[in-house]
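Understanding the architecture of this molecule
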Amino acid sequence: MKDDAYYGTIRETAGRIRASVPADLAGLFAKTCGIRHSDFVACSPAECGEVCAVDGSNVILLESGSMALAVVRAAQTTFLNMERTRRSVTPMTFALIGPGEENQDFPVLYTDCFGHPPGKPLKNEDIARAAGILRDTVEYWVTETMARELGTGALLLRDGPLRVSHESHDPVLTRIAATCRERDIGLAGISKRSAATWGGGHPLLPAVWACAKTLAVKAPWWIKIDPGILDHAAFPQWQHGEMYVSCLHPRAKGPLKIELAKGTGDEIANTIMHRICGCSADGRIPGYPYPLLDAHRTVALTEEIVEQVKGDLLGRLAEAGIDRQTYEILFGDYHDEFARY
């Protein structure tokens, strides 16, 4: 039976979460940040034209005390007025994270993608971060390739922000943004979640959503976010986008954070929002751009794929002379055994 201390901890945790999202969140946000009904811009579905979505995926296949094995890949799907015209996925790339302080596969992968070594090494100390940066490398390569190959006036959507997490990717995203400007391609980074907060820790997306409902703003809508209202920005030196929040369908589960390239301007931003709205009416996930959903489904490393790859890898390890007991010592997980009892 759960004791009072347990329930006390649960209540305290729930209270802390509630404090970050108070009952008067909408009013507090509108008052503190000066948000009015007129700040929300009405949006309606427009003809999409050519839209390309890029997404990436990574999984830690094996992990021991001294090393981990990650697999990464990226995909693009291109549509013309919501008819898919092109889809491709990169081969699965395997990378060891450790042993050693610096990742040995990062400069090889980076050079394969961009023709020269990265400007800064990748540290192995944070396995999840290292795997994410390896994934970003192939994702940015696909994005840059599509920025060159799409037709003039296309939309290029990225799953995630227009901001890099590693210094070596900054010149790549700079080139992508420049290419899109030169070719009149609308570049947008779209995120389902956001770490952005205001007012000392209140999450941005729920506040904008609540404010829109309180002010009776009918979806679809978008609003540009003044960076001055935010608590802080992650890696501001590597930020290439300006932040917007948008609800793209009346039945949307919630708003999205959308970043458009710096200097886009309100008129072009409005056109881009209308076009993104036009490809966000799929009945399965209304309010989310279908090309990005398609890219995600294309690139996802599912449990079935992971198990197949693990099995193939185990066979090759056996051929290389690593017996089952050594494999279990290196990569076995006692939690799998615990779960049996």
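Residues numbered from 1 in each chain as written. Predicted model: local features only at pLDDT ≥ 70, side-chain atom pairs only at ≥ 80, totals over all residues. Heavy atoms only, no water.

Attention shifts here to the pattern of salt bridges. A complete count under the given rule lists 17 salt bridges for this structure. The shortest N-O distance in the salt bridge between E102 and K123 comes to 3.8 Å. Taken as a pair, E102 in the loop between β5 (93–97) and α3 (105–114) and K123 in the loop between α3 and α4 (127–149) lie far apart in primary sequence, 21 residues in all. Since its relative accessible area comes to 34%, E102 is described here as partly exposed. Classification of K123 as partly exposed rests on a relative accessible area of 33%. Between R284 and D282 there is a salt bridge, with its nearest N and O atoms 3.0 Å apart. Residue class for R284 comes out exposed when judged on its relative accessible area of 53%. Where salt bridges share partners, they join R135, D136, E139 and R158 into one cluster. (Salt bridge = Lys/Arg side-chain N within 4 Å of Asp/Glu carboxyl O. Helix = DSSP H or I, 4+ residues; strand = E, 2+ residues; numbered from the N terminus. Buried < 20%, exposed > 50% of the residue type's maximum accessible area, 1.4 Å probe, protein only.)

Okay, the packing of aromatic side chains next. Here the distance between the centres and the angle between the planes together describe a pair of aromatic rings. According to the stated counting rule, one finds 7 aromatic pairs in the structure shown. An aromatic cluster is defined as three or more aromatic residues linked by ring pairs; in this entry it consists of F106, Y110 and F114. (Phe/Tyr/Trp six-rings, centres within 6.5 Å; stacked < 30°, edge-to-face > 60°.)

This part covers a nonpolar patch on the surface. A contiguous nonpolar patch, built from Y6, Y7 and I10 and spanning about 290 Å² of accessible area, is present on the exposed surface. Along the chain, Y7 turns up in helix α1 (residues 4–20). (Patch = residues over 30% accessible without salt bridge, like charges linked within 9 Å, V, L, I, M, F, W, Y side chains within 5 Å. Areas by Shrake-Rupley, 256 points an atom, 1.4 Å probe, with all protein chains shown as cover.)

Our focus in this paragraph is the confidence of the model for the protein chain. When pLDDT is averaged along the protein chain, the result is 92; 96% of the residues meet or exceed 70. In the model of the protein chain, helix α11 (residues 334–338) stands out as the element of lowest mean pLDDT, 57, in contrast to α3, which has the highest, 98. (pLDDT = per-residue confidence, 0-100.)

Moving on, we get to the packing of helix α2 (residues 25–33) against helix α6 (residues 204–214). Look at α2 against α6: their axes get within 8 Å of each other, and the N-to-C directions meet at 95 degrees. Here α6 runs roughly perpendicular to α2, going by the angle between their axes. Along its contact with α2, which presents L25, A26, F29 and A30, the element α6 presents L204, P206, A207, V208, A210, C211 and T214. Classifying every residue of the contact of α2 with α6 gives 10 nonpolar, 1 polar and no charged. (Axes fitted to C-alpha atoms, helices over the stretch in contact; angles between N-to-C directions. Parallel < 35°, antiparallel > 145°, perpendicular 65-115°, else oblique. Contact = heavy atoms within 4.5 Å. Nonpolar A, V, L, I, M, F, W, Y, C, P; charged D, E, K, R; others polar.)

Attention now moves to unusual backbone geometry. The omega angle of the peptide bond from G98 to P99 is -10 degrees, so this bond is cis rather than trans. Looking at the element boundaries, P99 is found in the loop between β5 and α3. Each neighbour pair has its own omega, and for A219 with P220 the value is 5 degrees, a cis peptide bond. In this fold, P220 is placed in the loop between α6 and β10 (221–224).

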